[in-house]
Structure formats: C-alpha cells, structure tokens
Amino acid sequence: MSIRQTYQFPFASYPAIRIVLLLAGGIILDYQIDPTLSIWAFIFGCATILYLVTEIIYRKSLNSRVYNIAILSYLGIIFSFGGTWHSFWDYRDLPQEAQVINTYTWQELTFNGSIQQIKQTSTGKFQVDVNVDTTIFPNDLIWNKSHKLRAVLDPADHNVPANFELGNKITFEATVYPLEEKRNPSQFNYNQYLASQDIYSQVGIQQIISIIPVHNIWRWSYFRKHVLNAIDTNFSNESASLAKALLIGYKNELAREDKISFSRAGLSHIMAVSGLHVGFLLFPFWLVIPFFWTLKYGKQIGITLLIITLFIYAGLTDFSPSVTRASLVGILLAYGKLFHKVRDSKNLTAVAALIILLINPSDLFSIGFQLSFGAVYIILLTAPVIQRWLPPWIRFRWYGKPIMIIIISFIVQVGLFPLLAYYFGEFSLVGPLANALVIPFLGIAVPFALVVLLITPFASDIAQTLNYPVDIFLQWLYSFVDFAASLPWSWVQVHIDSLLFFGIWTSIIFLIASLPIPKLRWKFLILLLLVGCLHQGNRIIQKFSPATLNLTFFDVGQGDAALVTTPNNKHFLIDAGRWQPNYNSAKYIIIPHLKKQGINKLDAVFLSHPHADHIGGILEIIDSIPVDTIYNSGTNYNSQLYKTYNQKAFEHDIPIKSLHAGDEIYIDPAMRLFVYGPQKSVSQSNVNNRSLVLELIYGDTEFLFMGDAEHRQEENLLKRYPKLIDTDFLKVGHHGSKTSSGSLLLQSTTPQIAVVSLAKSNRFGHPHQQASRRLHEHIPSLYFTSLEGAVQFYSNGKNIYKQ
C-alpha cells in the first residue's frame, strides 16, 4: 500500500512575503474604496481583540477550530493595519498647511525657505521646489510653519539671479495658483504627482527679494550641488546631462526628445538610478566579503562601510525611492552573507518592501516601486531555473557570468512587459538587445566614474583625464540610442485591455520558477490555464455585448477636439484642439489618451475650419500616429500652421479632402455620417461660417457637430435642411458665442444633450450670457468643458448615456 503525498509549499519559510501581501491588500482596499480612518481603526481593534481572546482560549483548550479563528484574526490584524496605515498617511488628503496656503489663491504672499530642486521646462520657465520655513501673509502676519511648495519663475518676466542654485536660501513674493484636478481621461495627473512629492501648493514668483548662498557641508543639497559641478568638470557638454542622470538620477537637464529615445530603446531605466546602480556598487564589496571574515571585527566593519557608502549614494540621488529600496535589499543581503545568517533573497526583499511601506504606504502605487520589486522578483524566481538550462560548457566557464548578466537583462525586460505596457503604452522590441550590449559596459563605467568624482575637488585635470573613456562611452551611448530608437521596428504601441492579463503573466513567471519541482509546476500550469480561460471568456463576453458608439469631448481649453470610436472599433477625430507657442493640445491631451486606449491609427481627422483653436494639434497628430484621411472645409487660410499641416500631410502621404453640404462619409457600416455644411456655392469671408457641419447617426441616436458656425451659416442650415438637423445631441457651435446657437436653430434641432467646449475665464467672454440663456432654455442636459473637464458619452443605438 503506497502513501500518496502532495507537495506543500513552505509558507512558513517566507514570513515577510506573507506579511507584505496582507499589508498590501489592506492598502489597496483603502485606496479603492477610501473608508474613513475610524472604520479601519474599528476593524483593526476588533481583529486584535478577537485574536487575543482566541489565543487565550486555544492555550487552555487546544481546540483546532479556535486555532483557525486565531490565525484568521491574526491575518485580519495585518490586513486592517495596512488599510489603517494608508488611511492615516494618504497623500491624497490635503494637509492643514496646504489648506491654509490655498485659501489665498490668486493673492500674493511672501515665502522664505531653501531651494530643493530647480528644473527648466521646455517652455523655458523654471520649476523651483522650495522647503518653506516662513510665510508672511497680508498685514505682515508671520507664520513659522514648515511646508513644501512648487514655485514657477518665468525668465521672460524676471532676471534669473546668478546665485539661483540648489541649497541656497530664497525670499520671494509670489501669487498662489490653484491646483486644478485632472481634466482629461489618460491625462498626466499633475496634482497627484506633486502630492507624491509632498507638494500641495503652487505659486508664481512675482519678485525675488533675496537669495543667500548657504555653505553648509552637512546639507545634502550643498553636497549634491558640488557633485553636479564635478560632473560638469569631468564630462564634455555633449554628455554632461546624460552623466548626471546616469550617475545620480538628475534628469532635469535632459531634453524631452532624449528621454523618449531612451524609452523607445528600452534603456530609460538606466537614468532612473535604482537597483542596477546599487548593484554596481555592491558587486566589488561582494567580492571582498571573504577578506572581512579574516579580521577580528571584520563583519562589523564591512557592514558599517557598506551602510555608509549606500547612505551617501542615496543622499546624492536626493534619497530616490528606487535607490532606497535597492539599498535596503543590498544591506540585508550583505548582512546575511557577512554574518552567516539564514539568507533568503526572496524573504529579505520582502523585508525591504515592508520597511518602505511602513515609511510610506502610498509607495505601493508608484511606478518605481512596482517596477523595482517586479524586476527583483522576476530575477529571483526565474534566473536560477534558466541558469540550470545553460550547458556546462557555458555555465562553468569564465564567460558564463557575463552571458548570464545578458540573459537576466533580457528576462527582466520581457518580464516587466505588462507593467511597461500598462503605464507607458509602449514596449521596446530592441530593448532586450540594447540592454545586453549596454549593461556590461555600464557595470564598469558607473563605479569608475563615481570613484573619479571623489578626486575631482583635489585634482580636476587628472580626474578629467581619467574620466575621458567614460565620456567617450556616453557620447557613443547617445548615438547608439538615437540609432536604436529610430529603427522602424524598435518599439510598438501596446494596450492592456484587461487586468486578467497580469494574472496570465504572473502565472507564467511562477510556472517557470516551479519547473524544477514536478508536483508544484502542474499546479501553476493549471492556474495559468484557468486564468487564460477567464481572460478569453471575458473577451468573448465583450465581443457579444451590444456594440456602442463612444464619444470623448476633450477639455482643450479655448478650442475643440472630440474623439469618436465607432461600434466596429474605427476611430476618428473631429477637430484637433488648440495651438500656442510651446504647446498644443495633441501633445499633452489627445495623443496620451490614444496611447492609453491602444488606438494606433486614426481612420479620419475632420478639421471643421482652419483656426488654430481647431487645428492646433494636427502637426503633432501627423507625426505621432498614422492617419488615413484628413477632411476639411475646403477654405484656404493664410496662416503658417495651416500651410505647414498641408505640407506635412503631403510628406506623410495623407490625403486631404474637402467636404461640402450633401456629402456622405463612409467609415463604419454601423453608422452614417452626413455633411450639412459648408455649401459649395456660398462664399463667405468669415471662415467660421464655412465650418464643417456633421451629423453622425447610429441607430436611433443622432449627433450634430456645428464647428464654429455662426448665425449666417445656421440660417443656411435651417433653409436647406429644416428637418434633417433635428438631433438628440448637439456639439454647440463657436464655444457658446453670442453669434451662435440662435433660438431658431435650437428650436429646430431639439437636442436633449449638448456640450460646449471652452476655457474658464477666457478672453472672449464665452459663454456669452445671451447664448447661455438660450442654451439653458432649450436643452435639458448642458455640459461645459470649462466646468466639467472632458465629458464622455456612449450610445447603444437607442439611447445616449454619460459615462
């Protein structure tokens, strides 16, 4: 008689992993449903009391049921503590200091503090993060409460002082600006980003009263400033900005185009100082650990030197969360090896995650946290298995380790695919190869350049000479990245349409990790098949669900842009937002949304008329995404933007077709798209009155887009199409101007829903009081992008709903 045994996973060997998973579960639940702190405290208290009571009862009775309750209550304590802790430290909650400052919105206050960071934007303005220690309110009311704010300095209005440097004390007068909430889907959440940096107020500098240089070597900003100067000394102008990013994570001087190139080449992570760089510093120490064993107090000396080294390096990077994470893991691993302790990398990594989440539970939702720990666990789980697959003639030769480094770089890039696709909408196909070529050289260049920095203050000429090979390498790296990013197949736009995809990917990683354990690998194979079936089932349900027409009216300020997604997954834009120097709506609003939604082609772009507030983003769109056809009103216009977009469309082989009343456009057989204006035979000096007027019909629902049509064109529509223009949904013409949306038009169209696209407090006075009154009299549901932000609707062919 044989006894059948099943494999039992040794959960007891990974206590830190269990605790982190439960803690993270509580943090996620609080983030999603956001209950009050008192509710979490009540749950935590109940779980604690239940655990204590059941533990006492169990010790007396040894009842297995009581024991199980005690275990569950213990798990409940950790889980509820995660929710309680996150609720207590939730950065989304506005702190008291910010509430006080923000009550003075659009008023001038005086601030005194130290400069923590300076960054010049693409518009030429400086973003200055200031640790404020004193605030002076009106009537000379002094408030000695510390807080952090972001100040904006425009060099066009103020001269930049020579001592405008990190660490110096600054006193300035500034206007408090409101921090507006995210106003468009898929738009970068600037407020949330600032909050993650502990910044909740933004001001515009009106006058710099004084800047006092600070020479305090014990301040990290002073130390970091001198290191940046040393990098400028050691590197040429061509490579200094990259060296600052590569060595200490200072990316403020890198051009946006360079950041995009590194991202598409799969090498953006080398500029985010992280575990890779800490690993470069840790590797030499790892080699000399046996030497410390030979000394009487060698273990203590070794771990102390490592802690000091990593602490100084973390300070140079302004205590970057990624470096802090990697340093904690490195110190724990080194401690285990030095002191011959039980050393499990997976568990020790979880200890580092636990410490970080206890310091700041919101780090769980940061991209850096997820990428860092994701990369580490991908390596820890899959690298040992892959190493066993290598033939002995590779594994045990001198070139075995370099080859393994290349393989690890490859599996990290592939393993992080879901996260990279979800957050960035792009994945670098050339990345694995680029990393295999670059990382081995960086392993030499980074530690060497950091060592050379130490001698720069004492012998700058010698340091510059020694650093010359690294400088040449960085110049080559620039050229290599530009070449790799320019390859037509170097990157692809990707879209994660279901969170179940993360489950599939995680199952694959655990399946690879469990291959050496036959009784475990079958379980993960079953899990992979189960999650795969759920994913496919979800896709089938979506496929057979009723097809919908989706419309997104972006908040582009004083302009127009709407995205239409048809029932058969065709996509087209009606207008492309506004343009102004160093800004266009497509770059910051439309294109990010298209990428986030996985839209890699536009089947059409309709430009209602050639004013810059309607065609402002067309150049960016042509450069960023394939466009099948551009339709316009056929009106010539004497502007550089108009001429440039015609030329650029010609260069990209995009046909431009002029539309007139009576045309019909065929994009999706499930819907019809009619053109009601402009009339070909009617000449009009006012280009607004030659706007494209479009009606989109899906099932029983109708949508009328008026462009910037004014009363003259409205009268023509009423004469030519008195019955056809009756609609359910109206895209209001000309941003609510008094010269549009006449009473006769509104009476004839009878819309139930309407959208007005405009900016708050615009210089044109839109929406005009008379137009607003007419709109409210005739339309039950009226939406203004200036108040609502972007608005989204969908139609099932019978009814129109707001998302």
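Above this note sits the structure.
Residues numbered from 1 in each chain as written. Predicted model: local features only at pLDDT ≥ 70, side-chain atom pairs only at ≥ 80, totals over all residues. Heavy atoms only, no water.

### Side note on the overall build of the protein chain
Helix and strand content of the protein chain: 29 helices and 25 strands. A compact globule built from 803 residues should have a C-alpha radius of gyration of about 28 Å, and the protein chain, at 31 Å, falls within 12% of that. Its C-alpha atoms give the protein chain principal-axis dimensions of roughly 100 × 80 × 60 Å. Counting only residues that meet the buried cut, the protein chain has 47% of its 803 residues in that class. Taking the intrachain contacts of the protein chain between residues at least 6 apart in sequence as the baseline, contacts between residues at least 24 apart amount to 70%. For the protein chain, the computed accessible surface area is about 40100 Å², with 60% contributed by carbon and sulfur atoms. (Helix = DSSP H or I, 4+ residues; strand = E, 2+ residues; numbered from the N terminus. Rg over C-alpha atoms; globule rule 2.2 N^0.38 Å. Buried < 20%, exposed > 50% of the residue type's maximum accessible area, 1.4 Å probe, protein only. Contact = heavy atoms within 4.5 Å. Areas by Shrake-Rupley, 256 points an atom, 1.4 Å probe, with all protein chains shown as cover.)

### Some details on the side chain of Ser 87
You can see Ser 87 is positioned in helix 3 (residues 64-89). The residues touching Ser 87, leaving out its near neighbours within four places in the chain, are Asp 30, Pro 35, Thr 36, Leu 37, Trp 40 and Asp 93.

### Some thoughts on the sheet that holds strand 15 (residues 630-632)
The 8 strands are arranged 16-15-14-11-10-9-24-25 in an open sheet whose pairing can be described as mixed. Of all the strands in the sheet, just strand 16 (656-658) and strand 25 (800-802) have a single pairing partner and so form its edges. Geometrically, the sheet is characterised by an average inter-axis angle of 20° between neighbouring strands, direction not taken into account. Here 4 bridges tie strand 9 (residues 549-553) to strand 10 (residues 561-565), and the two strands are oriented antiparallel to one another. Paired with Phe 553 across the strands is Ala 562, a residue of strand 10. Contacts from helix 22 (residues 585-596) reach strand 9, strand 10, strand 11 (571-576) and strand 24 (791-795), with the element oriented near 165° to strand 11. (Pairing = 2+ DSSP bridges. Axes fitted to C-alpha atoms, helices over the stretch in contact; angles between N-to-C directions.)

### Side note on the pairing of strand 1 (residues 108-120)
Regular strands place their side chains on alternate faces of the sheet. Pairing geometry for strand 1 and strand 5 (residues 169-177), over 7 bridges, is antiparallel. Bridge assignment links Glu 108 to a residue of strand 5, and that residue is Thr 175. Sheet topology note: the strand 1/strand 2 (residues 126-137) ladder contains 10 bridges and is antiparallel. Paired with Lys 119 across the bridge in strand 2 is Gln 127. Between the end of strand 1 and the start of strand 2, which pair antiparallel, lie 5 residues, with Gly 124 showing a positive phi angle near 95°.

### Some thoughts on the nonpolar core
The biggest cluster of nonpolar side chains holds 75 residues, and the ones touching the most others in it are Phe 111, Phe 172 and Leu 267. Ranked by the residues each element gives to this core, the list is headed by helix 17 (residues 431-455), at 9 residues. When residues no more than four places from it in sequence are discounted, the contact partners of Leu 267 are Phe 262, Ala 434, Asn 435, Val 438, Leu 477, Phe 480 and Val 481. Membership of the second largest hydrophobic core comes to 29 residues, among which are Ala 562, Ile 665, Met 671 and Tyr 698. (Core = buried A, V, L, I, M, F, W, Y, C linked by side-chain atoms within 4.5 Å.)

### With respect to the environment of Ser 322
Among the secondary structure elements, Ser 322 is positioned in helix 11 (residues 321-338). Sequence separation between Ser 322 and Gln 370 is 48 residues; the distance between their C-alpha atoms is 10.0 Å.

### Considering the pairing of strand 23 (residues 781-784)
Of the strand pairs in this sheet, strand 22 (residues 753-756) and strand 23 are connected by 4 bridges, and their pairing is parallel. Bridge pairing in strand 23 places Ile 753 opposite Ser 781. Once you follow strand 22 into helix 28 (residues 769-778) and on to strand 23, the crossover reads as right-handed. (Right-handed = clockwise from strand over helix to strand, strands pointing away.)

### So, the sheet that holds strand 19 (residues 693-698)
Within a sheet, neighbouring strands are paired by backbone hydrogen bonds and run either parallel or antiparallel to one another. Spatial strand order, 17-18-19-20-21-22-23: 7 strands in an open sheet with mixed pairing. Each of the sheet's edge strands pairs with one partner strand only, and the pair in question is strand 17 (664-665) and strand 23. Here 3 bridges tie strand 21 (residues 729-731) to strand 22, and the two strands are oriented parallel to one another. For Phe 729, the partnering residue across the bridge sits in strand 22 and is Ile 753.

### Examining the side chain of Thr 349
When you line up the elements, Thr 349 lands in helix 12 (residues 345-359). Relative accessible area serves as the criterion here: at 1%, Thr 349 is assigned to the buried category.

### Some details on the pattern of salt bridges
If you walk through the whole model with that rule in mind, you get 12 salt bridges. Linking Arg 150 and Asp 129 is a salt bridge whose minimum nitrogen-to-oxygen distance equals 2.8 Å. With Arg 150 in strand 4 (residues 147-153) and Asp 129 in strand 2, this residue pair connects regions lying 21 residues apart in the sequence. Accessibility classification places Arg 150 together with Asp 129 in one group, the buried group. For Lys 225, the salt bridge goes to Glu 165, with nearest N and O atoms at 3.6 Å. One end of the pair, Lys 225, is in helix 6 (residues 220-234); the other, Glu 165, is in the loop between strand 4 and strand 5, and 60 residues separate them in sequence. On the basis of relative accessibility, which here comes to 35%, the residue Glu 165 falls in the partly exposed class. A single network of salt bridges, built from pairs that share partners, joins Asp 232, Lys 244 and Glu 253. (Salt bridge = Lys/Arg side-chain N within 4 Å of Asp/Glu carboxyl O.)

### Focus on the packing of helix 1 (residues 15-33) against helix 3
A pair of packed helices can be characterised by two numbers: the angle between their axes and the separation between those axes. It is the contact of helix 1 with helix 3, at a shortest axis distance of 7 Å, that shows an interaxial angle of 45°. Between helix 1 and helix 3, the interaxial angle falls into the category oblique. As helix 1 packs across helix 3, the resulting crossing turns out to be right-handed. Along its contact with helix 1, which presents Ile 19, Leu 22, Leu 23, Gly 25, Gly 26, Ile 27, Leu 29, Asp 30 and Tyr 31, the element helix 3 presents Tyr 74, Leu 75, Ile 78, Phe 79, Phe 81, Gly 82, Gly 83, His 86 and Ser 87. Of the residues in the contact of helix 1 with helix 3, the class split is 11 nonpolar, 6 polar and 1 charged. (Parallel < 35°, antiparallel > 145°, perpendicular 65-115°, else oblique. Left-handed = near helix turned anticlockwise from the far one by under 90°. Nonpolar A, V, L, I, M, F, W, Y, C, P; charged D, E, K, R; others polar.)

### With respect to helix 10 (residues 298-316)
Spanning 19 residues, helix 10 covers 27 Å between terminal C-alpha atoms, matching the ideal 27 Å at 1.5 Å per step. Here helix 10 has its buried residues at Gly 298, Gly 302, Ile 303, Leu 306, Leu 310, Tyr 313, Ala 314, Gly 315 and Leu 316. (Expected span 1.5 Å × (residues − 1).)

### With respect to unusual backbone geometry
Along the chain, Gly 677 connects to Pro 678 via a cis peptide bond; the corresponding omega equals 10°. The residue Pro 678 is located in the loop between strand 18 (672-677) and strand 19 in this model. Residue Pro 767 follows His 766 across a cis peptide bond; omega there is -5°. Within the secondary structure, Pro 767 sits in the loop between strand 22 and helix 28. Of note in the backbone geometry, Thr 750 takes a positive phi value of approximately 45° without being a glycine. With respect to the helices and strands, Thr 750 occurs in the loop between helix 27 (743-749) and strand 22.

### Topic: the environment of Ile 496
Following the sequence through the fold, Ile 496 ends up in the loop between strand 8 (491-493) and helix 20 (500-513). Looking at Ile 496, the relative accessible area reads 13%, which means it is buried. Considered as a pair, Ile 496 and Leu 419 are 77 residues apart in the sequence and their alpha carbons are 9.1 Å apart. Ignoring sequence-local partners within four residues, the contact set of Ile 496 consists of Pro 418, Ala 421, Tyr 422, Phe 501 and Phe 502.

### Some details on the packing of aromatic side chains
Evaluation of the coordinates by the stated rule reveals 40 aromatic pairs. Measuring from ring centre to ring centre gives 5.6 Å for Phe 111 and Phe 172, while their planes differ by 35°; the resulting arrangement is tilted. One end of the pair, Phe 111, is in strand 1; the other, Phe 172, is in strand 5, and 61 residues separate them in sequence. Here Phe 703 and Phe 729 contribute two aromatic rings whose centre-to-centre distance is 5.3 Å and whose plane-to-plane angle is 45°, an arrangement assigned as tilted. Of this pair, Phe 703 sits in strand 20 (residues 701-705) while Phe 729 sits in strand 21, placing them 26 residues apart in sequence. Each member of the pair, Phe 703 as well as Phe 729, carries the same accessibility label: buried. (Phe/Tyr/Trp six-rings, centres within 6.5 Å; stacked < 30°, edge-to-face > 60°.)

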